[in-house]
Amino acid sequence: TFSAPGNNLSQVRQGLGGTQSSSYGYFAGGSDPAVSPSYVDTVDRIDFLNETASLPGNNLPSGRRLFGTSQSSSYGYFGGGYDGSNHINTINRLDFSSETFSAPGNNLSQVRQGLGGVSGGASYRIKGSRTYGYFGGGDTAPGGPGSVATVDRIDFSNETTSAPGNNLTQARRSNAAVSSNSYGYFAGGFAPPAVDTIDRIDFSNETVSAPGKDLPVANQGLAAVSSSSYGYFGGGFSPSSTAVVNRFDFFSETFSAPGNN
């Protein structure tokens, strides 16, 4: 069942991104139409032990929204997004030990917003560092080709970025992504139109395929989180705003409804 932990974000905003260490969750960026400029750099931290929310004191280098996120055991990575004027390809790194931001110096191969991110390799919850992060999909700057299928890889060992050579099977933006220990899944988004498609990236060989089980309905602008056994896709627009949560079983790669929306 759902409940309210009693501690909310310090600022209302949409289009934000999330990453997590073993102890904390971090909500970063987004846009707040009540302030000017509306694109914010704020980072909120939630303590998993007691569910209190606080400000770690270090924010994104600049305000932005609709970026992709990925994480190793030591860092959270925020890639791409829109800063209110331009689509960007910047990757910023959050050091979980010091909660400071820096730039690893290697960015996405193209500017884009509305992309998804997954982390591949050994699960940091269980075995230590994940090996690679992958950023998939999004849309490019006005005047460009629109929605793209591009997948970029960041090597957590040296923070270089490259193209694994296999892109999503379908160009899309505003997708959501989850990771199991073996696969990353990019689901939904807007092609146009909105799609129900799921693409799976195999972390062992970086091939991309369709597992054959898609979202129950076409959905865009949704968000996703994962446990060791399930991925959860919530909210979005399909074809109107929705509160529905769909659960994806990593073992059978089938969808079901957890019963609490």
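Just above sits the structure.
Residues numbered from 1 in each chain as written. Predicted model: local features only at pLDDT ≥ 70, side-chain atom pairs only at ≥ 80, totals over all residues. Heavy atoms only, no water.

As for the overall build of the protein
The following threshold applies: Starting at the N terminus, helices and strands are each numbered in turn, a helix being any DSSP run of H or I of at least four residues and a strand any DSSP run of E of at least two. Based on C-alpha atoms, the radius of gyration is set beside the globule rule, defined as 2.2 Å times the residue count to the power 0.38. Only protein chains enter the accessibility calculation, which uses a 1.4 Å probe; a residue whose area is less than 20% of its type maximum is buried, one above 50% is exposed, and one in between is partly exposed. Whether two residues are in contact is decided by their heavy atoms: any pair within 4.5 Å suffices. Note on areas: Shrake-Rupley with a 1.4 Å probe; residue coverage comes only from the protein chains shown.
For the protein, the count of helices and strands is 0 helices and 20 strands. Over its C-alpha trace the protein gives a radius of gyration of 17 Å, about what one expects of a compact globule, namely 18 Å for 261 residues. Judged by the C-alpha coordinates and their principal axes, the protein covers about 45 × 40 × 40 Å. Classification of the 261 residues of the protein by burial places 46% in the buried group. Sequence separation of 24 or more characterises 45% of the internal contacts of the protein that already satisfy a separation of 6 or more. Here the protein has roughly 11,600 Å² of accessible surface; of this, 47% comes from carbon and sulfur atoms.

Some thoughts on the sheet that holds strand E4 (residues 53-54)
For the record, the criterion: Strands qualify as paired when DSSP identifies two bridges or more between them.
One open sheet accounts for 4 strands, arranged E1-E2-E3-E4; its pairing is antiparallel. Either end of the sheet is taken by a strand with one partner, and the two such strands are strand E1 (17-20) and E4. Here 2 bridges tie strand E3 (residues 43-47) to E4, and the two strands are oriented antiparallel to one another. When the bridges of E4 are listed, Ile46 appears paired with Ala53.

Some points on the side chain of Asp202
Heads up, the condition is: In this charge count, Lys and Arg are treated as positive and Asp and Glu as negative; neither His nor the chain ends contribute. One speaks of a salt bridge when a side-chain nitrogen belonging to Lys or Arg is within 4 Å of a carboxyl oxygen belonging to Asp or Glu. Here a polar contact means two N or O atoms within 3.5 Å. Within protein one must be a hydrogen donor candidate and the other an acceptor candidate, and residues neighboring in sequence count only if both atoms are side-chain atoms.
In this structure, Asp202 sits in strand E15 (residues 198-202). Buried and unpaired, Asp202 has no salt bridge, with Arg200 as the nearest side chain of opposite charge at 6.3 Å. At a separation of 2.5 Å, a polar atom in the side chain of Asp202 contacts the side chain of Ser204. If we skip the residues at most four places from it in the chain, Asp202 touches Ser182, Tyr183 and Thr207.

Let's talk about the nonpolar core
Rule in force here: We call a set of buried Ala, Val, Leu, Ile, Met, Phe, Trp, Tyr and Cys residues a nonpolar core when their side-chain atoms join them within 4.5 Å.
Counting residues in hydrophobic clusters, the biggest one holds 11 residues: Ala176, Val178, Tyr185, Ala187, Ile198, Leu215, Leu222, Phe233, Phe248, Phe250 and Phe255. Among the elements of the structure, strand E13 (176-179) and strand E14 (183-187) are those that each provide at least two residues to this core. Sequence-distant contacts of Ile198, defined by excluding residues within four places in its chain, comprise Arg172, Tyr185, Phe186, Ala187, Ser209, Ala210, Pro211, Lys213, Asp214, Leu215, Phe248 and Phe255. Of all hydrophobic cores here, the second largest spans 10 residues; its members include Val151, Leu168, Phe186 and Phe203.

With respect to a nonpolar patch on the surface
Rules: Residues form patches when they are more than 30% accessible in relative terms and have no salt bridge. Like charges link within 9 Å. Nonpolar side chains (Val, Leu, Ile, Met, Phe, Trp, Tyr) link within 5 Å.
Among the surface-exposed residues, Leu9, Leu16 and Phe27 lie close enough to one another that they form a single nonpolar patch of about 210 Å² accessible area. Tracing the chain through its elements places Leu16 in the segment before E1. On the accessibility criterion, Leu16 (31% relative accessible area) is partly exposed.

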